[in-house]
Structure formats: structure tokens, C-alpha cells
Amino acid sequence: MKVVEAVEVAEHPMESILRMDRIPHIWCPTCGIGTTVTSFADALERTEMPLEKICVVSGIGCTGRVAGYIKLDSFHSTHGRPIPFATGLKLANPQLKVVVFSGDGDLVGIGGNHFIHAARRNIDMVVICVNNFIYAMTGGQVAATTPLTANTSTSPYGNFEQPFNLPHLAASCGAVYVARWTALHVRRLAKSMAEALNKKGFSFIEIICPCSTIYARRNRLGDGLSLMQFYHDNSVIKHGANTAELDIEFQKRIIVGKFVDRERPTFLDSYNDWLKQVLKDKFVPYGGANAH
Amino acid sequence: MKADPKGVLTGEHYLDGDHACAEGAIAAGCRFLAGYPITPSTEMAERISERFPYVGGIFIQMEDELGSMAAVVGAAWGGAKSMTVTSGPGFSLMMENIGLAAMMEIPCVIVNVQRGGPSTGLPTLPGQADMMQARWGSHGDYEIIAISPNSPQECFEVVIEAANLSEKYRVPVLVMTDECVGHMTEKVVIPKADEIEIYPRRYTKLSPSEYLPFKPEKDLVPEMVKAGDGYKIHVTGLTHDEKGYPVMSWEAQEKLVRRLVEKIRLNADKIVHTEEIDMEDAEVVVLSYGISSRVAIPAIQKARKEGIKVGQFRLIIVWPFPEKKVRELARKIKSFVVVEMNYGQMFYEVERCAAGNCPTILVPHGGGWVHDPEDIYRAIKEAAK
């Protein structure tokens, strides 16, 4: 029997931001979530912000596991609640840059109310929503993002509910930065993530992501590679597109790009500015709530 | 350490219980409160929103109580002494993230100004029927601490006590007041800041390479860090090991849940807080808490005048339950009379601890108004037979 000598494995290029002691991760082969994490690592390298001031908050679901693999202060909260959790975290220490990294079911299904209000208040945070069109971790149920006619385990005859147009929802509620990419657009996605990290206010990035194990299999769309091929052939980059026209139909073209990039005072800026105007010198400007 | 004098309104005031809770929160060092309006608790949030701009705090009115409680947990990781306030229906919504707070071992305070229930019940009228929900309202096994004040003065004091206990044991502490106490206006004396003891957050002195977020100290409580300090911690609502990493095994579950439960149960003797009146010779003991303990006073006085040896045993900290004390009493008294505004919640704890050594009589009330002292008096007479 031939014994193969152990070879020294080169350090993973993302080792500085991944919890290597938690690898291998739980995501399926050809799932796109890992790709989005790679883009995020890329964005972190581009930003000049000190890494110890960046936090990641996730909810529950496949993408909800992202917080568990990123070597930053990272919080795996409850289903639907990463945005209010992040709101508390950010307000307690405004020096932090808080990134919510979660899935469509978590952020706009069960957590939809928090999503619209955080955007309205313009809480300074980056919300990254990985949209795989389905509740994947629980086995493939219909979501608020499932395209019309798509088959899921709880829409076995095809989905008849109109899905959300997420960039339009975010923009309508007041987000200052709105972009959409697919998991194929790794460099453009990383650039958007870096821009969002450097942006002050509620930034939103939707990432259309292949779920080959469940969504693609149920809908006979081929393997992960076929989905990437589909994104390649059907994505249209339209920066500044009217967000009202960004609906996603089943296996039709996907408009991607950066749609919104504007300025608006954040929740905390508005609070400090307004109270200063009203209470003048009696006002103690808010800069953090550290307990001693 | 002592309270920050900037937040302490030293002097005599005329406050309702909700406002006194707000002043207690500020004196305790709370500078983050997330809440959602709900009767009869709203006055606390209103006062906080008015006072925080003067003391460097931030109040946020969230979109619902699910969000309020999630924000409270997030804010604690950001380094804040964080609180929220609600009543019945909101308390139900908070259960999800009270469980997260128990699991992540978050120091925080939740004030529940109880009203009549179930469901929407009696929004403007009192109740005391959330006592068992306070203990185990979120799913899974865990322990919390709950305190029940019976006056505006005590509202001020127990909110500080709640904050201190939450820091000491890294556990959510519930202040279980009620509509009567919340809306009752009385004299509240706020002491000088240097007379108010504050238990500081148990921050670690270990370096990031030595520190394990859920490695307990001798009292079973782990030390804390806050986000942004370079520790790069991971915390999760999943069952986790000392590093904070998820572990899906019965062994990890056993180790974690046992500690979450035991850090309160094994420290219960240090936590309990009760008040005893006329107990030296008491043969009948009226056990109550919150507003019901005040309604019981005329009944006890009337019975005493008639020569019945009756005393009052009041729970200030209701959870953990003063099990030892109640067991001891049961062996030497004739009977317990439990007065509470529900059809038997703390009553069953008393009966369990009495363990057949003496009878336990319940004076129930569905809520919406306080007991008629005559009903309590009749129960005392019955108990003394």
C-alpha cells in the first residue's frame, strides 16, 4: 500500500476574516452563500475601517449562519430580528459599523416590519440580503420572494402570490444605498459591499443566489452551475434603473446594478441635531451608552 | 460603585409608579431604552423620552415589542445598560427575545406593568396573572429573576435592584409591577447619588487570546465583553460551548442549560428579598406581593384586633421563589393565606413548598380591580380555625 505523505496546506487567503476553526461550513455544494461571503471578505479588505469596529448580525436560516463563520464580533440572533438587534447594537455604540447579513425569509418575511422601519429611520447599517427565493433551511417552503409559478413544498402547484421587489421596497422606505447583484457578480458585489460599508445610513444590497439543492431541484433548473450560467445569460446591468421596474419573474431576466445612492440624515444625526435646536445647551448630545 | 449623580433627581417627589420606574432606570445608569406604547406602561417610556436628552441617553420607540426586546439585547452587546417596558400583550411578544437574552446571558431589565388578561383583556385595569409567564414564558428551560414592587417608592428602588442583579448574574430581570402601582401617585424620596449602589458590568480583564465568552466564574456566571473591543466574539441563540460556538449535542445542551438554571438556583439564597410584618408570633401567614400585599393590610389589622395571630410575608423578589423560608414557615404555622390577582400562580409554589405541613388557602381575583379586604379577612378567619 502506498502511503501518501501529508503535504502542508497553504493558508486560506481569507483566513484573517474567517473562523477557520468552524470550517467546513454547513452550506450545500454549489450554494451561492459562500460566494457572497468571499465578496464580503474582499470588501472588508478594501475598507479602511478597523476590523474590530465592524460587527456582523445574522438571523435564522441558511444565510443566518454567516455570522458564525466571520471572524469579527458576530451575533447570531433570532428569526427575523437581526435588524432590531443591530439597531440596539449600533445605537449603544455609534462607533461600530454594523452589518446585517441574512436571508430573504428572515429579513423581509418574518422580519419585514423591522426592515421597513429601519430604512425609514435611516439607521446607519448595511443590510445584505441573500435571496434564494425560498425557505431553504426548513426544506423549501414558499417565501415572500418566490417568483410567481415557481414550485415550492408549500406551493406544490406553483406560487400564486406576488413576491416583493426588494430594491423597490428598500428605496421606497428611505434606504440611502440600494443595489442588486447575483452571486455570479463577485467583483461588482464586492465593490458594492465596500461602498455600502463606507456609506452612512441604511444601505441595502440584494444578492440573487442559487439554491441548487432545493429551489433548483424542485423547479428542474439544473445544477448550481446551470444557475450561474442562467445569471450570466439573463442578468442585465442597469445602474440607476427605476426601482419600480425591478420585479423578478420566474426564469426571466434579472436587472442588477446600483439603483440608489443618496444622502439623508441618519436616525442619530437627526436626534442630535433636532434636540440641540430645541433644548439648546441643556441637551447632552448622545454619543453612546456604555455601561460602567 | 456609586450612581452617576448626573442622572439622579435627589429629593422628594410626587410620582406615579411608572415615572418612578423611569427615575430608577436613570439612576441605575440605564441610557438605552427601546419600547413600544402600551397601556398601562406607557408613562415610563414617556418620561424616559423626556429625560434622556438631559442625561445623554437614547430612547427609541420601536415598531413592536419583538423589535424592542431584540434591540435591548443588541444594545447590551454594544455596552449599554439597556431596558424596556411593556404590559401583557407586549410582554407576550417579548418572550422570543427574553429567551435570547437568557441564552446569551444578557444583563437587562424588562418592566411589565401588568393588566388584566388574557389577550387584550383589561388595558386600563390591574392584573397579576403574568407571574408564571415571567418565569418560563419563553420556550426552553432557563431561570430569570423577577421583582414585584408595591409602591412608587419601591418602583424606584427595585428597578435599581433589578439592574444590579441583572449585571451580577448576567440574566434578564423582570420588574413585575401592576396597573395600580404603576398609576398610583405617592411620595418618592430619591437619595443622593453616592447613596445608590451600582453593580458594574462584569467585564473581563483577560486578553482576547485567553478569553472564552461563556466560561463561567465560580458563581457560574461568565465575564462579559462588548462589541468593538477587539475580542471578535461569536454569540448565538443556538446551544453553544464556552467559546460561544454552536454545538448540536446533548452533552453541550446538558452543560449549558444546567448552568443557566443553576446560576440562579444555587445563588437563590443570596438573591431572595422578602418583607415580614408581625411574623414573630404569627400562626396565619398572609403571603402576597405587589398591590395585593397592600390590600391585605386592613384585613390583617382587623384580624389582629380580634386577637388572631396573623402576620404578613411579602415577596419582593418573586423569582427565585423563597423556597427555604416558606418550607420553614410551613412547619411552624397553622396556615398560609395567599392573596394574588389571578386564580392561582404563586399559590401553587406556596402549596408545593408547604408540602402538606400546613394548609394553603387561596384568595383569588380575576383582575380588573383589587381584592375586597373582607374576602381576605374571611380567609384569615377560616385559616385561624
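Residues numbered from 1 in each chain as written. Chains lettered and ligands numbered in written order. Predicted model: local features only at pLDDT ≥ 70, side-chain atom pairs only at ≥ 80, totals over all residues.

Caption draft 1: Highlighting the overall build of chain A. Along chain A, the regular secondary structure elements total 9 helices and 8 strands. Since a compact globule built from 292 residues should have a radius of gyration of about 19 Å, the 20 Å found for chain A is in line with a globular shape. By its C-alpha atoms, chain A is 75 × 55 × 30 Å across when sized along the principal axes. Relative to its 292 residues, chain A shows a buried fraction of 53%. A fraction of 65% describes how many contacts in chain A between residues 6 or more apart in sequence connect residues 24 or more apart. (Helix = DSSP H or I, 4+ residues; strand = E, 2+ residues; numbered from the N terminus. Rg over C-alpha atoms; globule rule 2.2 N^0.38 Å. Buried ≥ 20, exposed ≤ 12 C-beta atoms within 10 Å, placed from the backbone. Contact = placed C-beta atoms within 7 Å.)

Caption draft 2: Fine view of the overall build of chain B. Within chain B one finds 13 helices and 16 strands. A compact globule built from 385 residues should have a C-alpha radius of gyration of about 21 Å, and chain B, at 21 Å, falls within 12% of that. Once the C-alpha set of chain B is aligned to its principal axes, its extents read approximately 70 × 50 × 40 Å. Per-residue burial for chain B yields a buried fraction of 58% across its 385 residues. A fraction of 77% describes how many contacts in chain B between residues 6 or more apart in sequence connect residues 24 or more apart.

Caption draft 3: Seen up close, the interface of chain B and chain A. Each side of the interface is counted separately: chain B has 46 residues, and chain A has 40 residues. For the side of chain B that touches chain A, the secondary structure elements donating two or more residues are strand E2 (32–35), helix H2 (42–55), strand E3 (58–61), helix H3 (65–77), helix H4 (88–104) and strand E10 (234–236) of chain B. When residues in the side of chain B that touches chain A are grouped by element, the largest group, 9 residues, is from H3 of chain B. Split into classes, the residues belonging to the side of chain B that touches chain A amount to 25 nonpolar, 14 polar and 7 charged. Here strand E2 (residues 73–76) of chain A pairs with E10 of chain B via 3 bridges, running parallel. Bridging across to E10 of chain B, Phe75 of chain A finds its partner in Val235 of chain B. (Nonpolar A, V, L, I, M, F, W, Y, C, P; charged D, E, K, R; others polar. Pairing = 2+ DSSP bridges.)

Caption draft 4: Up close: the sheet that holds strand E7 (residues 235–237) of chain A. Strand order in the open sheet formed by 9 strands is E7(A)-E8(A)-E5(A)-E6(A)-E4(A)-E3(A)-E1(A)-E2(A)-E10(B), with mixed pairing between adjacent strands. What marks the edges here is a single partner per strand, and that holds for E7 of chain A together with E10 of chain B. With direction set aside, neighbouring strand axes in the sheet form an average angle of 20°. Relative to strand E3 (residues 97–103) of chain A, strand E1 (residues 54–58) of chain A is paired through 4 bridges, and the arrangement is parallel. When the sheet's bridge partners are listed, Val57 of chain A is paired in E3 of chain A with Val100 of chain A. (Axes fitted to C-alpha atoms, helices over the stretch in contact; angles between N-to-C directions.)

Caption draft 5: Up close: the nonpolar core. Within the largest apolar cluster, 214 residues are counted, with the highest numbers of intra-cluster contacts made by Cys55 and Leu89 of chain A together with Val73, Val159 and Ile380 of chain B. Each of domain 1 (5–195) and domain 2 (274–384) of chain B gives at least three residues to this core. Contact partners of Cys55 of chain A, with chain neighbours within four places excluded, come to Leu72, Asp73, Ser74, Phe75, Leu89, Leu96, Val98 and Val99 of chain A together with Ala227 of chain B. (Core = buried A, V, L, I, M, F, W, Y, C linked by C-beta atoms within 7 Å. Domains from an automatic or database assignment.)

Caption draft 6: Quick peek at the domain arrangement of chain B. All names here are of chain B. Its domain assignment divides chain B into domain 1 (5–195) and domain 2 (274–384). With 24 residues of domain 1 at the interface, the matching set in domain 2 holds 21 residues. When contributions to the side of domain 1 that touches domain 2 are tallied by element, the ones reaching two or more residues are strand E6 (122–126), helix H5 (131–136), strand E7 (145–147), strand E8 (172–178) and helix H7 (179–183). Tallying contributions element by element places H5 first for the side of domain 1 that touches domain 2, with 4 residues.

Caption draft 7: How the structure looks around the sheet that holds strand E12 (residues 284–288) of chain B. All names here are of chain B. The sheet built from 5 strands is open, its strands ordered E11-E13-E12-E15-E16 with mixed pairing. In this open sheet, the two edge strands, each paired with only one partner strand, are strand E11 (274–277) and strand E16 (360–363). This sheet shows a mean twist of 20° between the axes of neighbouring strands, independent of strand direction. By the bridge criterion, 4 bridges tie strand E15 (residues 335–339) to E16 in an arrangement that is parallel. Bridge assignment links Phe336 to a residue of E16, and that residue is Thr360.

Caption draft 8: Highlighting helix H11 (residues 323–332) of chain B. Residue and element names in this part refer to chain B. Residues of H11 that are buried include every one of Val326, Leu329 and Ala330, and no others. All buried residues of H11 lie within an arc of 105° about the axis, which places them on one face of the element. What points out from H11, more than 90 degrees from its buried face, is the exposed set Lys324, Arg331 and Lys332. Next to the buried residues of H11 lie E12 and helix H12 (346–354). (Arc of directions from axis to C-beta.)

Caption draft 9: Representation of H2 of chain B in the model. All names here are of chain B. Between its first and last C-alpha atoms H2 spans 20 Å; for 14 residues at 1.5 Å apiece the expected length is 20 Å, and the two agree. Largest kink in H2: about 30°, centred on Ser49, with the proline Pro53 one to four residues after it. The first or second residue beyond H2 is Gly56, which carries a positive phi of 75°. (Expected span 1.5 Å × (residues − 1). Bend = angle between axes of the 7 residues up to and from the residue.)

Caption draft 10: Here's a closer look at the packing of H11 of chain B against H12 of chain B. Residues and elements named next belong to chain B. Interaxial distance between H11 and H12 falls to 8 Å at its minimum, and their mutual angle equals 60°. Comparing their axes, H12 and H11 come out oblique. The two elements H11 and H12 cross, and the hand of that crossing is right-handed. Facing Glu323, Val326, Arg327 and Ala330 of H11, the residues of H12 in contact are Val350, Cys353 and Ala354. Counted by class, the contact of H11 with H12 contains 5 nonpolar, no polar and 2 charged residues. (Parallel < 35°, antiparallel > 145°, perpendicular 65-115°, else oblique. Left-handed = near helix turned anticlockwise from the far one by under 90°.)

Caption draft 11: Inspection of the pairing of E6 of chain B at higher detail. Residues and elements named next belong to chain B. Across 2 bridges, strand E5 (residues 108–116) lies against E6 in antiparallel orientation. Paired with Gly116 across the bridge in E6 is Leu122. Between E5 and E6, which pair antiparallel one after the other, the connecting turn spans 5 residues, and Ser119 there sits at a positive phi close to 55°.

Caption draft 12: Representation of the packing of helix H1 (residues 17–28) of chain B against helix H6 (residues 152–169) of chain B in the model. All names here are of chain B. Axis separation between H1 and H6 bottoms out at 7 Å; the angle between their running directions is 35°. Handedness of the H1/H6 crossing: right-handed. Contacts between H1 and H6 pair Gly17, Ala20, Cys21, Glu23, Gly24, Ala25, Ala27 and Ala28 from the former with Pro152, Gln153, Cys155, Phe156, Glu157, Val159, Ile160 and Ala163 from the latter.

Caption draft 13: Structural context of unusual backbone geometry. The peptide bond linking Ile23 of chain A to Pro24 of chain A adopts the cis configuration, its omega dihedral lying at 10°. With respect to the element layout, Pro24 of chain A can be found in the segment before helix H1 (33–46). Note the cis peptide between Trp319 of chain B and Pro320 of chain B, where omega equals 0°. Although it is not a glycine, Arg220 of chain A adopts a positive phi angle of roughly 50°. Note on Arg220 of chain A: 7 C-beta atoms within 10 Å, which makes it exposed. Phi is positive for Lys232 of chain B, close to 45°, though the residue is something other than glycine. Locating Lys232 of chain B in the fold gives a position in the loop between strand E9 (185–190) and E10.

Caption draft 14: Quick look at the environment of Thr243 of chain A. Residue and element names in this part refer to chain A. With respect to the secondary-structure elements, Thr243 resides in the loop between E7 and strand E8 (254–261). Along the chain, Thr243 and Tyr286 lie 43 residues apart, while their C-alpha atoms are 35 Å from each other. Sequence-distant contacts of Thr243, that is, excluding residues within four places in its chain, are made with Pro167, His168, Ala171, Val178 and Phe259.

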